[in-house]
Amino acid sequence: TVMNFKLRCESHAHTADVRAVCVIPSGIATASRDKTVAVFEEKADGSFVQVQTLIGHSNFVTSLAWIPSCSAFPEGALISGSDDKKILIWRDGTQAAQLLGHEGTVCSLAVRVKSCGTPILLSTSWDFTGRIWDLTTGTCIAVLKGHEAAVWGGAFTSDSTVATVSADKSVRFWNASGIPLGAASGHADVIRAVCAKHSPSNELLTASNDGTVRWWDTAGQSLKSPLVAHNNYIYGMALNADGTMFATCGEDRTARIWSIDGQPVAVIETPREVWSITFTSNGDIALACADGVLRIFSAVESRQASAQQLIEYEECLSQANIPQPMIPSCFFYMAQANHGGTGSQANQGRELIGRARAEGGRASFCS
């Protein structure tokens, strides 16, 4: 079934790229290169109003996750990961704890409340590792070592098993003690995202810089032919609540919605690259965009922006149009750095070049 997603609303709360977006019970949280986390509350009229700015990280904030209500966190809590190598836990807008151990950018976070009620966190990093944490005590209970490059994403496949994906192009499986259970390969480039589907059977979906999505069982066996989803790097992926659809986003400035078996449902165009994507509780789509804007799209007409706002958004798209395929912005930044450029983009380029050298060539790619 084809769905017609249109802009619902925008928020300009950040002064740099929005790198992550996360649904929370009261609304949405976003993380940014401006070193902050913004919290938005959904109002009765359907608008999203920023109610908090969380300041605690000393560098880019790159990942977010929500701890559902449980005995250790009755009201739930927000978790953020950063280029400063720290994981921070926030309760009602206040920093409550920090988790230290990673030696590189914390690029993904995933939370699961076990059947016994214990909340556990899976974090992944550019330090080539994943870590499993007991959030009740704040202790690291396992370090996942085996990848040969940055570990871009992770997902729980059960209470006691996880999967991680990496710039080394592999998917790896582990138990909760950090013991390797197996590995799989198939992507031709860096794997940037992974989602776990638990019903009616446990499956994994992975998305890569090669522009494809692949399906796996939890033993690492490929389940079907890969889907060519984008014509450039895929940066983010998300499943909807009932597991009937998934969404992807990336360097080609689009978000794409698919049925769970890979049939196209919708394409959403944006003015800039899209770093992260999630489904809201009502099935709308929230996007973390490289121009510092949180954008929410809806297929429900009553929640869509006014006719005038939609016209203005189309004009914005037309002004931002760049012929495809595009050169990824990371290459542009590095080119500026190599030619002695100044300013924020050249500085980002120098940072990428340094990381590429540290990782043996490519900057895992691109941050």
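What you see is a predicted model, and the numbers here were worked out from it, not measured in a lab.

Section: the sheet that holds strand β12 (residues 129–134)
- Taken in spatial order, the four strands of this open sheet run β10-β11-β12-β13, and their pairing is antiparallel. Each edge of the sheet is formed by a strand with only one pairing partner; in this case those strands are β10 (106–113) and β13 (139–145). Pairs of neighbouring strands in the sheet enclose a mean axial angle of 20 degrees, with direction left out of account.
- Note that strand β11 (residues 119–125) and β12 share five bridges and pair antiparallel. From the neighbouring strand, S123 faces β12, where its bridge partner is R131.

What to know about the packing of aromatic side chains
- This model, assessed by the stated rule, comprises six aromatic pairs.
- Taken together, a centroid distance of 6.0 Å and an interplanar angle of 80 degrees make the contact between W215 and F246 edge-to-face. One end of the pair, W215, is in strand β20 (residues 212–217); the other, F246, is in strand β23 (residues 245–250), with 31 residues separating them in the sequence. For the residue pair W215 and F246, the accessibility class agrees, reading buried in each case.
- Ring centres of F297 and Y313 lie 5.8 Å apart, and the angle between their planes is 65 degrees; this geometry places the pair in the edge-to-face category. On the criterion of sequence distance, the pair formed by F297 in strand β28 (residues 294–298) and Y313 in helix α1 (residues 307–320) is long-range, its members being 16 residues apart.
- Look at F297 and you get buried, because its relative accessible area is 2%.
- Accessibility expressed as a relative area gives 6% for Y313, which makes it buried.
- Chaining the aromatic ring pairs together yields one cluster made of W215, F246 and W258.
- Over the aromatic face of W275 sits the side chain of R19, whose NZ or CZ is 4.1 Å from the ring centroid.

Parameters at a glance
The residue numbering used here restarts from 1 in each chain and proceeds along that chain's sequence as written. Totals for whole chains, interfaces and linings use all residues, but because this is a predicted model, local features are given only for residues with pLDDT of at least 70 and pairs of side-chain atoms are given and counted only at 80 or more. For the side-chain quantities, the full set of heavy atoms in the structure was used; hydrogens and water were omitted. Paired strands are those between which DSSP finds at least two bridges. Numbering of helices and strands runs from the N terminus; a helix is a DSSP stretch of H or I covering at least four residues, while a strand is a stretch of E covering at least two. Lines fitted to the C-alpha atoms define the axes, with helices restricted to the stretch that makes contact. Angles between their N-to-C directions range from 0 to 180 degrees. Between rings of Phe, Tyr and Trp, where Trp is taken as its six-membered ring, a pair exists when centres lie within 6.5 Å; planes separated by under 30 degrees are stacked, by over 60 edge-to-face, and by other angles tilted. Using a 1.4 Å probe on the protein chains alone, a residue whose accessible area is under 20% of its type maximum counts as buried, one over 50% counts as exposed, and one in between counts as partly exposed. By definition, being over a ring means that NZ of Lys or CZ of Arg is both within 6 Å of the ring centre and within 35 degrees of the ring normal.

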